Amino acid sequence: MKNITFLKSFLLLVAVMTLFSCEKYSGDDDWESKEANSTLVVRTRAAMAVVDEEAKVSYPVNIYIFNGSGVCVGVETISSDADELKLSLPEGRYDVYAIAGAEADDYDLPTKENATEDAVIALKDGHAHGDLMTAGNSVSLAYGEENTLTLSLERKVMMLETVTINNVPSNVTAVSVTVAPLYENIMLNGGYSGDNGEYTVSLAKEGTGNTWKSEASVYLPEASAAATVKVSFTTDDKTISYSYTCPEELKANYKINISGTYSGDGVELNGSIIGETWAGTTNVTFEFSDEGSSESGVTGDDETPGNDVGPEVGTLYEGCYVLRKELQDGNTVVTLMSVESKRSLDFEENDEQEQIKSVMDAGIEELTQDLNVDGIYGWRLATLEDMEYIKSHPDQMKEGFYAVTKKNFLITNTTWYYYEKEGGNVGMFNSVNGVTDDLFSSGQCYLYAFTTLTFTK
């Protein structure tokens, strides 16, 4: 009797194990035969680094799902903010990639059959890049689980906004500007392919004056190395070109404005190439001499940047207070701050950080609306480094600031200043004890606007 009972128990155990082995799986080798028993919900948002009015998600968003064996098992599209992607999949690990802003009419997009994680999102001949963003992440689905994956999209292109050449000689019949080298295409995993791309823009003469300009904003992959700007003048019998190396990198998520002035025997680019992120700005101000220019076209400016240039600490520069000045890689980096401040900003402590950041951005714009002159752009919140510098120079801030602005900069135990924490959130800094805190209600919390300029001789 005991043997019969044991046999029945054994057979029941085998039956249960067989049942579960039919419902679950242990690998991806026969993925297509597995039961789609789990749910993956995919959402997208702009990364914190690019959150503002100009940094909304670019649509369509093409989603590629790869299983643990690296095989593409799904290609889906999110067309608008109202769309939600919900997929039924077998349990297991997946790599999910998103490419946003790539219209099928403009790009050769990978299909499910030929997609790989390093597939190139190739631009079709004769078409222009869009506002491309990418994201990628891994997710593991348990048996019967619903898992929501939020992909933070990061912009992979810069924007060439305006190109201006002033004081062009009257005998010039055409002006063009070329920027190189650029990456040529973006890959599905967010990398770049090809590093010998270039972009040439033709300028148009403005009225009867001697200024040539282009305002056709275009998206371009970032520079693959130190960028060179070549300015070409065409007359009836020849083309003369001048090439110069930019002192700073031209990176994705920056706006680029090129301004130059012809001076005597050559082109002197004494304007600026301005790197303006959609979330903040880095300003690069530099001068070009005519040395190294060539009628045959392409030579570089070999002069070594000078050291002691730019305004002095504790003075006013274009109506802004010069907070600090330091040397970096042979250049002079100057931090400016607004003379005016704001407090009692209109937000609640429990508001989302994105809402709070938008209030800060509006305050900064109001503080600096009359200061965006002569290449000064990119006003932003203070960084922790800015605030620590202020804390370590109390006399400069109390006495030096008042001496040139006739305005008080308060340094007390109850005075706080808004600053941007690592990761993009807004916090508060006490200028006496260096304490940092999350946001709380305080009428004694001040907002100043900051920006950074780079000067070379």
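See the structure shown above.
Residues numbered from 1 in each chain as written. Predicted model: local features only at pLDDT ≥ 70, side-chain atom pairs only at ≥ 80, totals over all residues. Heavy atoms only, no water.

### A short note on the packing of helix H3 (residues 384-392) against helix H4 (residues 394-405)
Inference 1: Running from N to C, H3 and H4 cross one another at 80 degrees; their axes reach a closest spacing of 4 Å. Taken as axis vectors, H3 and H4 run roughly perpendicular relative to one another. Together, Tyr389, Ile390, Lys391 and Ser392 of H3 and Pro394, Gln396 and Met397 of H4 make up the contact between the two elements.
Inference 2: Here the residues of the contact of H3 with H4 are counted per class, giving four nonpolar, two polar and one charged. (Axes fitted to C-alpha atoms, helices over the stretch in contact; angles between N-to-C directions. Helix = DSSP H or I, 4+ residues; strand = E, 2+ residues; numbered from the N terminus. Parallel < 35°, antiparallel > 145°, perpendicular 65-115°, else oblique. Contact = heavy atoms within 4.5 Å. Nonpolar A, V, L, I, M, F, W, Y, C, P; charged D, E, K, R; others polar.)

### Topic: the pairing of strand S10 (residues 157-166)
Inference 1: With eight of 10 residues buried, S10 lies mostly within the body of the structure.
Inference 2: Bridge count between S10 and strand S16 (residues 218-221): four bridges; the pairing is antiparallel. Opposite leucine 160, over in S16, you have valine 218 as the bridge partner.
Inference 3: Bridge count for S10 against strand S19 (residues 254-263) is seven bridges, and the pairing is parallel. Bridging from a neighbouring strand, threonine 164 pairs with serine 259 of S19.
Inference 4: As defined by bridge partners, S10 adjoins strand S15 (residues 212-214) across three bridges and the pair is classed as antiparallel. Residue pairing across strands places threonine 164 opposite lysine 213, the latter belonging to S15. (Buried < 20%, exposed > 50% of the residue type's maximum accessible area, 1.4 Å probe, protein only. Pairing = 2+ DSSP bridges.)

### What about unusual backbone geometry?
Inference 1: The omega angle of the peptide bond from tyrosine 59 to proline 60 is 0 degrees, so this bond is cis rather than trans.
Inference 2: Among the secondary structure elements, proline 60 is positioned in the loop between strand S1 (38-46) and strand S2 (61-67).
Inference 3: The omega torsion of the bond from alanine 180 to proline 181 falls at -10 degrees, within 30 degrees of zero and hence cis.
Inference 4: The residue asparagine 253 is not glycine, and still its phi comes out positive at about 70 degrees.
Inference 5: Assessed through its relative accessible area of 10%, asparagine 253 is described here as buried.
Inference 6: Backbone geometry places lysine 406, a non-glycine residue, at a positive phi of 60 degrees.
Inference 7: By the secondary structure assignment, lysine 406 is in the loop between H4 and strand S28 (416-420).

### Things to note about the environment of leucine 153
Inference 1: Inspection of the secondary structure puts leucine 153 in strand S9 (residues 146-155).
Inference 2: Put simply, leucine 153 and methionine 133 are 20 residues apart on the chain and 5.6 Å apart in space, counted from C-alpha to C-alpha.

### Section: the packing of aromatic side chains
Inference 1: Considering all chains together, one arrives at 10 aromatic pairs under this definition.
Inference 2: Between the aromatic rings of tyrosine 321 and phenylalanine 401, the centroid separation amounts to 5.0 Å while the plane-to-plane angle is 70 degrees, which identifies the pairing as edge-to-face. Here tyrosine 321 is found in strand S24 (residues 320-328), whereas its partner phenylalanine 401 is found in helix H4, with 80 residues between them in sequence. Each member of the pair tyrosine 321 and phenylalanine 401 is classed as buried.
Inference 3: Relative to tyrosine 448, the ring of phenylalanine 409 has its centre 5.3 Å away and its plane inclined at 40 degrees; by these criteria the two rings are tilted. Within this pair, whereas phenylalanine 409 is found in the loop between H4 and S28, its partner tyrosine 448 is found in the loop between strand S31 (445-447) and strand S32 (450-455), the two being separated by 39 residues in sequence.
Inference 4: Exposure remark for tyrosine 448: the relative accessible area of 6% places this residue in the buried category.
Inference 5: Members of the aromatic cluster, joined through ring pairs, are Tyr321, Phe401, Phe409, Tyr417, Tyr446 and Tyr448. (Phe/Tyr/Trp six-rings, centres within 6.5 Å; stacked < 30°, edge-to-face > 60°.)

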